[in-house]
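Results of the structural survey
Below are the chains, spelled out letter by letter.
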Amino acid sequence: MPTVSTPERPYQIPIEQLIQTLNVDPQKGLTAEEAKNRYDEFGPNALQETKRESPLSILLRQFTGVIVYILAAAAGISFFLGETVEGFAIIAVLLINAATGFFLEWNAQQSMDALRKMDTTPARVLRDGRVREISSEEVTVGDILVVEAGDLVAADANLFEVSQLQADESALTGESLPIDKNTELPPDESPLGDQHNRLFKGTPVTAGTGRAVVTGIGQQTELGKIATMVEEAQRSATPLEEKLDSLAKVLIWVTVGLAVLFLVVGLIRQEEPLRLIETALALAIAAIPEGMSVVATIALAYGMLRLAEQKVIVKRLSAVETLGGTNVIFTDKTGTLTQNRIEVNLLQLPGQQAEVQADAEAKKLEVVQGDAALTESETYQRLIQIGVLCNNADYDIVDGQPKEVGDPVEVSLLKFAIAAGQNPDQLHADFPRKAEKAFSSDTRIMGTLHQREDGFLVAVKGAAEEVLDRCQSLPDNDRKAYYELSEKMATDGLRTLAFAYRETDTQPGENFADEDLTYVGLIGFLDPPRTEVTPALQACREAGIKVIMVTGDHPATALTIASKVKLIEPGEEIVLTGKDLKPLDQLADLEKDKLLKCRVFARVSPAQKLDMIDLYQQRGDIVGMTGDGVNDAPALKKSDIGIAMGLRGTQVAAETADMVLKDDSFTSIVTAIAQGRVIFENIRKFVLFLLSCNLSEIFVVTFAGFLNVGNPLLPLQILFINIVTDVFPALALGVGRENSKLMHRPPRDPKTPIMDGSDWRMVVFYALTMTVSVLGVYLIGTRELGLTQEEGNNLTFYALSFAQLLHVFNLRSGSSFFVNEITRNRYIWYALLLCLFILVLTYYVPFLNEVLSIQPMTRTELWLIAAAGLAQVVIVQLVKGIMRLGK
């Protein structure tokens, strides 16, 4: 048994009790011997190794799926019956499909590798009364961590000594600003973002110094718990994979049913068994769209390449189509809906208010809303002056690129001054600094002392309550009103600072920032929303996509941004926090309904994100999830389509996600969804095309058998049509770009198969028209022109090939036969020309001529072939025209 144990909920334990529980001297730390014993008991401070997917595993995964199994079975039957050419042809199809999928997915990395990369930094601990630098893996429970600005925290720990300490926890919590740390106990059930008395493994220290006692290492840290969730989160089969498998199962039963029916009827007629078996094999080959898996893979790959041009990197082929079916998007706030930078947003001067937008690069300040005359007042100029002088940041533009150094809020004050036409360098030169009172968590103000021509200037900024208390000459009613105003600004989600000054003839003493000040005003800071987000959200609404904000930021800030980008409607001011969310299995139906109606969530944990995604998935929704932090990794993996931020995102998030946005823009998500819908529509069209072509082959063989007019097609001829003349037009349909109407429709029902009832009726109709046309010319050739069986096969082969090539024009969605998305698709014309060229080669190349049993043809047969192709197009267009008139 270990001498100590890792405490549960350490943030709620008083530090004295925690130190006693962990049996450590806070002034000396662990002894070397005790540290070794605990290392042996608790193990290294490292995340557990997980097995990386090998290249062989990725390759073998390409050979899974019902359609692949059907093709493999067809190849086996072909070899068994001695039809080696058919067998090798089917195997070639399988290999092409597998190679395409393998090479496109090879670049995917495992998220656990990225998590472990955060483990390789050194750590400083107190051992035997001295500070020692050790490997982060050697840190153990009870160690005293010594941290300062620039360190990466090695383990979870409770603070007992701090000095101006701040940590960047955005990767864990989503909080956009560094967190001020202290030693005070937070309220019970506080989320990670509110546990200010703790440090977390993997987060950088941005300012100050501190000492903390380690409470958790390795998998017991918050980072480790997330790693475990990433490992345990299960990614279900994508909608496309499930629908193609369902379609393949239908094809299995169709194939088996037709083959058995044909065999039974043939045996009743006492026909030759070998001929029956060969014909049954021909039916089986005809029923299987051998090219479907290849065309689907290439269509998705083409979608990947097109999205890459739009700065969207898709890592999994099937994810392209999944995008098109997405009807719920969970999105982060910081950097996705906002610009991921703090800017001056609201100015509150006595009696005046204005919402502003500052552009330092263009040196332009715009009053968006409020009193524009505010910018002409002396108080406004004084506010700018204080913001520049009481400031330790630096901002400059070097070679056309902005360079920012220092606290983000102070940088925004400099940018605000530049946008307002002031020169910060000149102000510092005119008012040289003589002294500074640094900001501290105790005073919550910063003050600077400057010399002026005829005396001294004191500039102060800080928390409104503290600054107002130092303005002794301010009437109590005004002080109360300004404080209430600052509270309202904070409630509206703004980070608020108050500004004050004092001019004096003589140099003040050490307490210069605490003596009678003159109040100037308030500034509210906000991470401004991206300008392109509002129209993108409107596009989502028109497309029937529900967008939900999930952030680790403050609830008021989340609600403010949601209102500004019009994510929520006026009056829809509902925000739920992590404290409001019970585990999914404990939710009553009314509580689930409340969650499903809410569009803004704040202060949520990684486990709660998983529950929310699960809730929508259980309802049958296709869920997309955006994220950038370590805390987002489990949800990115759990969602149907994980979307990571490429600019500001962590490596963990990028490698867990299915796609990465290179520009971190929500607009790119909408672009990707539109492309996904186009891809699905293309897949639906080429599946409809392939199935109607395959069914026409089945009908030709079956009807000819039942009519006892011979076998019009040989198995190898059917396979040739399926793999060559069907695949290229289907591929051209699969890479079509047009369909602007798709983003003005609601998302398709995730439960709807690729082919619904009306599609299957069209498949049968198309197949019957081609069958009637082809069997008609076959009967004319054999009965009227006296063609032999071999010549009849020849005529049927070319007639059916030509009919299927022209059949692609039947799949238009527009009203015009001559001007539509099919005729405008140049790849359709390339495919038709290529297929016609291949058909010519089969007639003139001796090897192909022999393999396909091609016979010499007369001009009359050529006319019959042309008639068969054109007749089915004319019949289809006439019927469609009559149906449109009937409506």
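Since the structure is predicted, the reported quantities are computational estimates derived from the model, not experimental observations. (Residues numbered from 1 in each chain as written. Predicted model: local features only at pLDDT ≥ 70, side-chain atom pairs only at ≥ 80, totals over all residues. Heavy atoms only, no water.)

**Topic: the overall build of the protein**
Where we set the bar: Numbered from the N terminus, helices here are DSSP runs of H or I no shorter than four residues, and strands are runs of E no shorter than two. Any two residues whose heavy atoms approach within 4.5 Å at even a single point are treated as in contact. Note on areas: Shrake-Rupley, 1.4 Å probe, and residue coverage restricted to the protein chains presented here.
Secondary structure assignment for the protein yields 31 helices and 25 strands. Within the protein, residue pairs in contact and separated by at least 24 positions form 72% of the contacts whose partners lie at least 6 positions apart. By element, 55% of the accessible surface of the protein is carried by carbon and sulfur atoms, the whole surface being about 38,300 Å².

**Thoughts on the pairing of strand β14 (residues 401-405)**
Put simply, the rule is: Paired strands are those between which DSSP finds at least two bridges.
The pairing of strand β13 (residues 394-398) with β14 spans five bridges and is classified as antiparallel. From the neighbouring strand, I397 faces β14, where its bridge partner is P402. What sits between the antiparallel neighbours β13 and β14 is a turn of two residues, in which D399 has the positive phi angle 55°.

**Things to note about the pattern of salt bridges**
To be explicit about the condition: Salt bridge, as used here: a side-chain nitrogen of Lys or Arg that lies within 4 Å of a carboxyl oxygen of Asp or Glu. Each residue's exposure class comes from its accessible area (1.4 Å probe, protein chains only) as a fraction of the maximum for that residue type: buried when under 20%, exposed when over 50%, partly exposed otherwise.
Summed over all chains, the structure comprises 33 salt bridges. Salt-bridge contacts for K36 lead to D40; the nearest nitrogen and oxygen are separated by 3.3 Å. One end of the pair, K36, and the other, D40, are both in helix α2 (residues 32-42), four residues apart, so they sit about a helical turn from each other. Residues K36 and D40 agree in their burial class; the two are exposed. Across the pair D621 and R619 runs a salt bridge, and its minimum N-O distance is 2.8 Å. For D621, a relative accessible area of 11% gives the class buried. The exposure class assigned to R619 is partly exposed, which follows from its relative accessible area of 43%. Here the salt bridges do not stand alone but share partners, grouping K437, R444, E465, E466, R470 and D514 into one network.

**Overview of the nonpolar core**
A general trend in soluble globular proteins is that nonpolar side chains are found buried together. Note the following rule: The nonpolar core is taken to be a set of buried Ala, Val, Leu, Ile, Met, Phe, Trp, Tyr and Cys residues, with the residues joined through side-chain atoms within 4.5 Å.
Counting 137 residues, the largest nonpolar core has M659, F666, F686 and F797 as its most contacted members. Tallying contributions element by element places helix α24 (residues 666-706) first for this core, with 21 residues. With residues near it in sequence (within four places) discarded, F666 still touches I329, T331, T336, L337, V533, A536, L537, C540 and V547. If you look at the next biggest cluster of nonpolar residues, it comprises 36 residues, including A360, V388, C390 and F499.

**Things to note about the environment of R211**
Considering the arrangement of structural elements, one finds R211 in strand β7 (residues 205-216). With relative accessibility at 23%, the residue R211 sits in the partly exposed group. Contact partners of R211, with chain neighbours within four places excluded, come to L126, V131, I144, L145, V146, N158, L159, F160 and E161.

**A short note on the sheet that holds strand β20 (residues 546-551)**
For clarity, the cut-off: Geometry is summarised by axes, namely lines fitted to C-alpha atoms with helices restricted to the contacting stretch, and by angles between N-to-C directions that run from 0 to 180 degrees.
Here eight strands make up an open sheet; going across it, the order is β8-β25-β24-β23-β9-β20-β22-β21 and the pairing mixed. Both edges of this open sheet fall to β8 (312-314) and β21 (576-577), since each of them pairs with a single strand only. Summarising the sheet, β8 and strand β25 (residues 659-661) pair through three bridges and their orientation is antiparallel. Residue V314 lies in a different strand from β25, and its bridge partner there is M659. Contacts from helix α21 (residues 606-618) reach β9 (328-331), β20, β22 (600-602) and β23 (623-627) within the one sheet, and its direction differs from that of β23 by about 160°.

**Considering the side chain of D658**
This is how it is decided: Polar contact criterion, stated in full: a pair of N or O atoms within 3.5 Å, where within protein one must be able to donate a hydrogen and the other to accept it, and residues adjacent in sequence count only if both atoms are side-chain atoms.
Note that D658 resides in the loop between α23 (651-656) and β25. Overall, the relative accessible area of 0% leaves D658 in the buried class. A distance of 2.8 Å separates a polar atom in the side chain of D658 from the backbone nitrogen of G642.

**A short note on the sheet that holds strand β10 (residues 343-349)**
Spatially, the eight strands line up as an open sheet ordered β12-β11-β10-β19-β18-β17-β16-β15, and their pairing is antiparallel. The strands lining the two open edges of the sheet, one partner per strand, are β12 (364-370) and β15 (433-437). Sheet twist, expressed as the average angle between the axes of neighbouring strands with direction ignored, equals 25°. In this sheet, β12 lies alongside strand β11 (residues 352-359) in antiparallel orientation, the contact comprising six bridges. By the bridge assignment, V356 is partnered in β12 with V367. Along the sheet, helix α13 (residues 378-389) contacts β10, β12, β15, β16 (445-452), β17 (455-462), β18 (495-504) and β19 (518-526); its crossing angle with β18, the most-contacted strand, is approximately 100°. Along the sheet face, helix α14 (residues 408-419) touches β10, β11, β12, β16, β17, β18 and β19 and points at about 75° away from the line of β10.

**Regarding the packing of helix α18 (residues 533-542) against α24**
Each pair of packed helices can be described by the angle between their axes along with the distance between the axes. Formally: The scheme is simple: roughly parallel for angles under 35 degrees, roughly antiparallel for over 145, roughly perpendicular for 65 to 115, oblique for anything else. Two helices cross in a left-handed way if the nearer one is turned anticlockwise from the farther one by less than a right angle. They cross in a right-handed way if the turn is clockwise. Residue classes follow a fixed rule: Ala, Val, Leu, Ile, Met, Phe, Trp, Tyr, Cys and Pro count as nonpolar, while Asp, Glu, Lys and Arg count as charged, and any other residue, Gly among them, counts as polar.
The N-to-C vectors of α18 and α24 enclose an angle of 30°; their axes lie 9 Å apart at closest approach. In terms of orientation, α18 lies roughly parallel with respect to α24. As α18 runs across α24, the sense of the crossing is left-handed. For the pair α18 and α24, the contacting residues are V533, A536, L537, A539 and C540 in the first and F666, T667 and V670 in the second. For the contact of α18 with α24, the class distribution of residues is seven nonpolar, one polar and no charged.

**Section: the environment of D156**
Its location among the elements puts D156 in strand β4 (residues 156-167). The sequence separation of D156 and Q220 amounts to 64 residues, and the corresponding C-alpha distance is 8.5 Å. Residues contacting D156, with those up to four places away along its chain left out, are R198, L199, F200, K201, V213, V214, T215, G216, Q220, T221 and E222. Within the structure, D156 has its side chain in polar contact with the backbone nitrogen of K201 (distance 2.9 Å).

**A short note on the side chain of Q166**
Within the element layout of this structure, Q166 appears in strand β4. Residue classification places Q166 among the buried positions, given a relative accessible area of 17%. Reaching out from Q166, the side chain makes a polar contact with the side chain of D180 at a distance of 2.6 Å. Among residues more than four places away in sequence, those in contact with Q166 are P178, I179, D180, V205, T206 and A207.

**Here's the deal with the packing of helix α25 (residues 715-725) against helix α29 (residues 826-844)**
The interhelical angle for the contact between α25 and α29, taken along N-to-C directions, is 145°, at an axis separation of 11 Å. Note that α25 runs across α29; the crossing there is right-handed. On α29, the residues touching F720, V724 and T725 of α25 are C835, I838, L839 and T842. Grouping the amino acids of the contact of α25 with α29 by side-chain chemistry returns five nonpolar, two polar and no charged.

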